[in-house]
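Residue-level structural notes
Here are the chains, one letter per residue:
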Amino acid sequence: MTPETIEHAMQALAKADPDIARALPLVGVPSPRERDKGFATFFSTIVSQQLSTEAARAIMARVNTLLPELHAKAVIDTEGQALRDAGLSWRKIEYAKGLAEAELAGTFSADGLEHLSDEEVIATITQLRGFGRWSAEIYLMFSLKRPDVFPADDLALRVALGRLKRMENKPTPKQARQMVEHWAPWRSVGSLFLWHYYRGEPL
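Computed from a predicted structure; not experimentally measured. (Residues numbered from 1 in each chain as written. Predicted model: local features only at pLDDT ≥ 70, side-chain atom pairs only at ≥ 80, totals over all residues. Heavy atoms only, no water.)

**Regarding the overall build of the protein**
Here is the rule: Comment: elements are numbered from the N terminus, with helices defined as DSSP H or I runs of at least four residues and strands as E runs of at least two. Radius of gyration: over C-alpha atoms. The globule rule applied is 2.2 Å multiplied by the number of residues raised to the 0.38 power. Only protein chains enter the accessibility calculation, which uses a 1.4 Å probe. A residue is then buried if its area is under 20% of the maximum for its type, exposed if over 50%, and partly exposed in between. Pairs of residues are marked as contacts when any of their non-hydrogen atoms sit within 4.5 Å. Accessible surface area values rest on a Shrake-Rupley calculation with a 1.4 Å probe, where residue burial reflects the displayed protein chains alone.
When helices and strands are counted, the protein shows twelve helices and zero strands. Relative to the compact-globule value of 17 Å for 203 residues, the protein shows a C-alpha radius of gyration of 19 Å, a close match. When its C-alpha atoms are laid out on the principal axes, the protein stretches across 55 × 35 × 30 Å. By the burial criterion, 45% of the 203 residues in the protein qualify as buried. A separation threshold of at least 6 residues defines the contact pool for the protein, and within that pool the share at least 24 residues apart is 64%. Working note: accessible area of the protein is about 10,500 Å², and carbon and sulfur atoms make up 51% of it.

See below:
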């Protein structure tokens, strides 16, 4: 999503939601976020699970040295111990090999996802071991640039939504989804704004 699209969407969201209208002048418009599409992004998603950004980046640097071309066949052809030496846990190696096997077998196609609906993409990704709904929704937002996705399982998102709505406690994922229904068709931009608000909320 371009800065222009985000600016347009934020104006629409401010009209639809008085709490956004109140908060927007205080923290400003969020910046775009993008990630590459394809197999390598799914591999790096597995690597980054439950790790700090710095740790995940260090492991991916070692993986990229080991596998200059990061694709399904290269992962299948690489010994598990070599991936373990690069820093992946045995569980993550299992997930990565499963991802590569599904890609080679044709039961999963990273490149084919952009032709599917949002819900079809989520269903396809969550069939893979090691990928939940949150991972699928993040891929939809940042790799496929879908405009109307709200990853309600994200803790920071729900904390920010609770603060924005002046709630005593953060909403549950189900409550959060209901609370932002009127943000359609711009829930991805609304999510970007909540992460932005979480980091820059005025005291």
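**Section: helix 7 (residues 90–105)**
Put simply, the rule reads: One less than the residue count of a helix, multiplied by 1.5 Å, gives the span that helix is expected to have.
With 16 residues, helix 7 should reach 22 Å at 1.5 Å per residue; the first-to-last C-alpha distance of 22 Å fits that figure. Taken as a whole, helix 7 has its buried residues at Lys92, Ile93, Tyr95, Ala96, Lys97, Leu99, Ala100 and Ala102. Each element contacted by the buried residues of helix 7 is listed here: helix 3 (39–48), helix 5 (72–77) and helix 6 (80–86). Just downstream of helix 7, Gly106 is the residue with a positive phi angle, here 85°.

**Overview of the packing of aromatic side chains**
For clarity, the threshold we go by: The aromatic pairing rule takes the rings of Phe, Tyr and Trp, using the six-membered ring of Trp, and pairs them if the centres are within 6.5 Å, calling planes under 30 degrees apart stacked, those over 60 edge-to-face and the rest tilted.
Under the definition given, this model contains six aromatic pairs. With 5.3 Å between their ring centres and 85° between their planes, Phe42 and Phe108 make a pair best called edge-to-face. You can see Phe42 sitting in helix 3 and its partner Phe108 sitting in the loop between helix 7 and helix 8 (118–126), a full 66 residues away along the chain. Residue class for Phe42 comes out buried when judged on its relative accessible area of 2%. Residue Phe108 is classed as buried on the basis of its relative accessible area, which comes to 3%. Ring centres of Phe42 and Tyr139 lie 4.3 Å apart, and the angle between their planes is 35°; on these two criteria the pair is classed as tilted. Note that Phe42 is positioned in helix 3 and Tyr139 in helix 9 (residues 133–142), a separation of 97 residues in sequence. As far as the burial class goes, Phe42 and Tyr139 line up, both buried. Taken together, the ring pairs in this structure connect Phe42, Phe108, Phe131 and Tyr139 into an aromatic cluster.

**With respect to the nonpolar core**
Cut-off, in case you're wondering: Here the nonpolar core consists of buried residues drawn from Ala, Val, Leu, Ile, Met, Phe, Trp, Tyr and Cys, with membership extended through side-chain atoms lying within 4.5 Å.
If you look at the biggest cluster of nonpolar residues, it comprises 66 residues, and the most contacted ones within it are Phe42, Phe43, Val63, Phe108, Ile125, Phe150 and Trp183. Excluding its chain neighbours within four sequence positions, the residues that come into contact with Phe108 are Phe42, Leu99, Ala102, Glu103, Leu113, Thr124, Ile125 and Leu128.

**Observations regarding the side chain of Glu137**
What counts is decided by this rule: By the criterion applied in these results, polar contacts are pairs of N or O atoms within 3.5 Å in which, for protein atoms, one can donate a hydrogen and the other can accept it, and in which residues neighboring in sequence qualify only through two side-chain atoms.
Counting through the fold element by element, Glu137 comes out in helix 9. Glu137 sits in the buried class, given a relative accessible area of 2%. Reaching out from Glu137, the side chain makes a polar contact with the side chain of Arg133 at a distance of 2.7 Å. Not counting residues within four places of it along the chain, the set of residues in contact with Glu137 comprises Ile122, Val149, Phe150, Pro151, Ala152 and Arg177.

Just geometry here; none of it tells us what the structure is for.
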